[in-house]
Every structure is written in structure tokens, then in C-alpha cells.
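# Working through the structure, step by step
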Amino acid sequence: MQIGFIGVGNMGEAILRGALRGGVVSPPQVYAYDPNTEKLNRLMEELGILVAASSEQLIANSEIVLLAVKPNMCAAILSQHADALAGKALISIAAGWSQQRLKSYLPETVRVLRVMPNTPALIGCGMSVFECGDSLSTEEKAFAEHLFASIGRVRSVESHLMDAVTAVSGSGPAYVYMFIEALADGGVREGLPRALAYELAAQTVSGSAEMVLRTSAHPGVLKDNVCSPGGTTIDAVAALEEKGLRSAVLEAVHVCADKSARMSK
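Below, the structure is looked at part by part. Every chain is numbered independently, its residues counted from 1 as its sequence is written. Where totals are concerned, whole chains, interfaces and linings use all residues; where local detail is concerned, this predicted model gives features only for residues with pLDDT of at least 70, and gives and counts side-chain atom pairs only at 80 or more. Side-chain numbers here rest on the full set of heavy atoms in the structure, without hydrogens or water.

## Side note on the packing of aromatic side chains
The relation between two aromatic rings is expressed through the spacing of the ring centres and the mutual angle of the planes. The condition is simple: Two rings from Phe, Tyr or Trp (for Trp, the six-membered ring) form a pair when their centres are within 6.5 Å of each other. A pair whose planes differ by under 30 degrees is stacked, one over 60 is edge-to-face, and the rest are tilted. Note on exposure labels: buried denotes an accessible area under 20% of the residue type's maximum, exposed denotes more than 50%, and partly exposed covers the range between, all computed with a 1.4 Å probe on protein chains only.
The tally for this structure, following the rule as stated, stands at two aromatic pairs. With a centroid separation of 5.3 Å and an interplanar angle of 55°, the aromatic rings of Trp97 and Tyr105 are classed as tilted. Trp97 sits in the buried class, given a relative accessible area of 2%. On the basis of relative accessibility, which here comes to 30%, the residue Tyr105 falls in the partly exposed class.

Structure follows, in C-alpha cells:
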């Protein structure tokens, strides 16, 4: 299938590179358009993809269009190109834009899928979630699944859960980076060199995450396995509980989901 990328920012570029790296598409199957012509030309030279002079040209030459722009740009782009998108498949990764909202700007013949990826896609470790109820054909849906599997894991959820997905996996990397930074700062406070503290903190978070994914054990069980009776870790865990780590994370997820829901209206 011929796929066109409207927007090749960090996430658009990550998906593009993953698709090429995984053999989901070959360079002649890919069109890209972005106002940043310098970046477009660099990608064309490096990857051999096709570059469109305008979004109109991209849509005309694509069977599937991947909309990878900031949420505040979606309305203008969809309104401007609604007729051109008729009969095509549109995949959107814009936060706060439900399938229902996307369809409200488009002709009925446009087949729509909403996806929420996250930034670890940049290194092939992303988490992408499809909104159920898409209108893609069987072939297009299979293509989309292969496309996003090339940058990490893929799951599907009902529409009413997409705001929660945004708050957990979509925005979640920011919370994790804050934790890594704080953990490393703690190490520096105790005398560790800065570079070593970041390495220890980041690898510890990475390894702990892999333990959850590979063992399917409850995080609480894995936490208990580190906490020896009367040991150092349980005192640290008590300090985190006293300072409200859990409640702060719960509240962060709640306010993020609420903001996503308000953006969707």
C-alpha cells in the first residue's frame, strides 16, 4: 500500500523509520509532507522516501494517510482536505481526537482509525493503542497493525478508555522520566557521579519494567521480593508512601485523562 505521512516530527519519523526497518513498507511506498522542508529533504536523502510538495499532492498519491500533526492543527487540515480524503483510509495519532470527532470533519467514505502511540517508539519500544470501532478494511487494519508493531507493542481498547490510555501510556513516559531524574538526583546527593547515577536509575527502571512484562507478576509481589524484613528497602518504601508517591501518580493520571476528555469535545 502507498502510505503518506502528513507530519514527520518525532513521532511521525519514529513510525516511518520503524516501518522501513521492519520491512512493512519500502521507500517507494512512502510519501511524506512537512512544513519543515529541511527535514523532509534529509529524510528523502537518507531513507529514499518520496517527498510531496504539498499535503494535497501527498493525499492524491496515497491510499492510506497517516495524520501525525499536533492536535491544534487537526481541524484546519481535515477541513481543508476533507474532499480529497474521500474514499481513502486515515490513521490519526493526534491526542484528544476520537474517531467520532475525526469523522465529523470528513465524508462518510473516509475510513478512520485512531491510534495513541508514545515516544519510546523512537527506539522501537513504544506502546501503541488502537481505538476499537475503526472503519478500516481488513487489509488496511492488518497493515496498520504491522505498521505499529514495528515500533513496539500494540493493543486495542474501547473508545471510552482512550482518555485513560492517553494518561497512562501516552503521557506516562514524562512521569517515568521525572522519576528517573529524581532517583538519579538522590544518588548524586549520596555521592554518586551524575553520569553513573543516571545509568543506574535508568537501567533499574528498564529492568524492573521488563520484569513486570516478562513474568506477568503483580508489581506488588515484585516489590515485596525486594523488601527484606527490617532491611533498607522497606524503610525507603515507607518514605515514598509517607510522601505520597502513589497518590501523586494517581492524581496525575486523573488530571491528564480529564484534559484529554475535554480536548475530545
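Moving on from the coordinates now.
## Some words on the side chain of Glu131
For clarity, the threshold we go by: A helix here means a DSSP run of H or I that spans at least four residues, while a strand means a run of E at least two residues long, and both kinds are numbered starting from the N terminus. For the purposes of these results, a polar contact is taken to be a pair of N or O atoms within 3.5 Å, where, inside protein, one atom must be able to donate a hydrogen and its partner to accept one; residues adjacent in sequence count only when each atom of the pair is a side-chain atom. What makes two residues a contact is simply this: any of their non-hydrogen atoms within 4.5 Å.
Within the secondary structure, Glu131 is located in strand 7 (residues 126–131). Polar side-chain contacts of Glu131 include one of 2.8 Å to the side chain of Ser159. Not counting the four nearest positions on each side in its chain, Glu131 is found in contact with Ser98, Gln99, Leu113, Arg114, Val157, Ser159 and Met162.

## Details of the layout of surface pockets
Short version of the rule: Both site types are read off a 1 Å grid over the protein atoms alone. A 1.4 Å probe that fits but cannot get out defines a cavity, while an open set with protein on both sides within 12 Å along at least five of seven lines defines a pocket; lining residues have an atom within 4 Å of a point. Grid points are joined across faces, edges and corners, and a volume is the space filled by probe spheres set on the points. Here the nonpolar group is Ala, Val, Leu, Ile, Met, Phe, Trp, Tyr, Cys and Pro; Asp, Glu, Lys and Arg are the charged ones; every other residue, Gly included, is treated as polar.
What the second largest pocket holds in volume is close to 690 Å³. Around the second largest pocket, the lining is made up of 28 residues, and of these Met11, Ala68, Val69, Lys70 and Pro71 lie nearest the centre. At the level of elements, helix 1 (10–21), helix 4 (71–81) and helix 7 (162–170) are the ones that each hand at least two residues to the lining of the second largest pocket. The dominant element in the lining of the second largest pocket, judged by the number of residues it contributes, is helix 4, at four residues. Counted by class, the lining of the second largest pocket contains 15 nonpolar, 11 polar and two charged residues.

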